[in-house]
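# Observations on chain architecture
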Amino acid sequence: QVQLVESGGGLVQAGDSLRLSCAASGRYAMGWFRQAPGKEREFVASISQSGGGTVYADSVKGRFTISRDNAKNTVYLQMNSLKPEDTAVYYCAAKTRWVLAGKTSREYDYWGQGTQVTVSS
């Protein structure tokens with residue numbers, strides 16, 4: 001069983017930054033997804049098991065950066081220039097069957113509990 005624990009969410013103003021963390025019980029390719037009220041869950045960013053490959057949603061490219069510390073089995077999502085439309089519950093997810101980064105939620109086998117990010121205008 002893979003354990004994922006997210007942290008780092010909060011309430012910020014537009015233009016501010018936040019860093020989310022996801023501590024995993026092993027080393028996996030990982031992704032961040034988000035879900036806003038009344039909307040479907042959407043892909044945000046993903047990183048390969050080694051950390052050598054990353055993929056981003058167009059809506060966050062240039063503002064968010066995904067990274068990992070494999071010594072700590074922790075993945076980070078650095079979010080800069082936050083906008084009100086970034087408000088959502090953010091979930092980290094782990095892929096146990098593939099090592100590459102990926103955009104589709106069905107590739108991911110385990111999910112964290114989610115952390116709320118609220119950006120005020």
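What counts, and at which threshold
Residues numbered from 1 in each chain as written. Predicted model: local features only at pLDDT ≥ 70, side-chain atom pairs only at ≥ 80, totals over all residues. Heavy atoms only, no water. Buried < 20%, exposed > 50% of the residue type's maximum accessible area, 1.4 Å probe, protein only. Helix = DSSP H or I, 4+ residues; strand = E, 2+ residues; numbered from the N terminus. Pairing = 2+ DSSP bridges. Core = buried A, V, L, I, M, F, W, Y, C linked by side-chain atoms within 4.5 Å. Axes fitted to C-alpha atoms, helices over the stretch in contact; angles between N-to-C directions. Salt bridge = Lys/Arg side-chain N within 4 Å of Asp/Glu carboxyl O. Disulfide = S-S within 2.5 Å. Phe/Tyr/Trp six-rings, centres within 6.5 Å; stacked < 30°, edge-to-face > 60°.

Before going further, it helps to examine the pairing of strand β1 (residues 4-7). Going residue by residue along β1, you find L4 and E6 tucked away on one face and V5 and S7 left uncovered on the opposite face. Note: β1 against strand β3 (residues 18-24), four bridges, orientation antiparallel. Paired with E6 across the two strands is C22, which belongs to β3.

Now for the nonpolar core. Among the nonpolar cores identified, the biggest contains 33 residues, and M30, W32, L77, M79 and Y90 are the most heavily contacted of them. Within the residue set of this core, elements represented by two or more residues are β3, β4 (29-35), β5 (42-47), β7 (64-69), β8 (74-79), β9 (88-95) and β11 (115-120).

This part is about the sheet that holds β1. Pairing between the strands of a sheet comes from backbone hydrogen bonds, and it takes one of two forms, parallel or antiparallel. Strand order in the open sheet formed by four strands is β1-β3-β8-β7, and the pairing between neighbours is antiparallel. Lying at the two open borders of the sheet, with one neighbouring strand each, are β1 and β7. Put simply, the sheet's adjacent strands are angled 15° from each other on average, direction ignored.

Right, let's talk about the pattern of salt bridges for a bit. By the definition in use, this model includes six salt bridges. Measuring nitrogen to oxygen at the nearest pair gives 2.6 Å for the salt bridge that ties E42 to R34. For R34, a relative accessible area of 5% corresponds to the buried category. Taking the shortest distance from any N to any O, the salt bridge between R63 and D86 comes out at 2.7 Å. Within this pair, whereas R63 is found in the loop between β6 (54-56) and β7, its partner D86 is found in the loop between β8 and β9, the two being separated by 23 residues in sequence. Of the residues examined, R63 reaches a relative accessible area of 11% and is grouped as buried. Overall, the relative accessible area of 1% leaves D86 in the buried class. Each of the salt bridges in this network shares a partner with another, and the network as a whole consists of R34, E42, R63 and D86.

Here we take up the state of the cysteines. Taken as a whole and assessed by the stated rule, the structure comprises one disulfide. Here C22 pairs with C92 through a disulfide, and the sulfurs are 2.0 Å apart. Residues C22 and C92 are joined by a disulfide whose S-S torsion is about 50°; by sign, that bridge is right-handed. Highlighted residues: C22 in strand β3 and C92 in strand β9, separated in sequence by 70 residues. Here C22 and C92 have matching classes, each one buried.

Applying the stated criterion across every chain, the model contains four aromatic pairs. Relative to F43, the ring of F33 lies with its centre 5.6 Å away and its plane at 75°, an arrangement referred to as edge-to-face. You can see F33 sitting in strand β4 and its partner F43 sitting in strand β5, a full 10 residues away along the chain. The exposure class of F33 is buried, given its relative accessible area of 2%. Overall, the relative accessible area of 11% leaves F43 in the buried class. Feature note: the residues F33, F43, Y108 and W111 constitute an aromatic cluster, connected by ring pairs.

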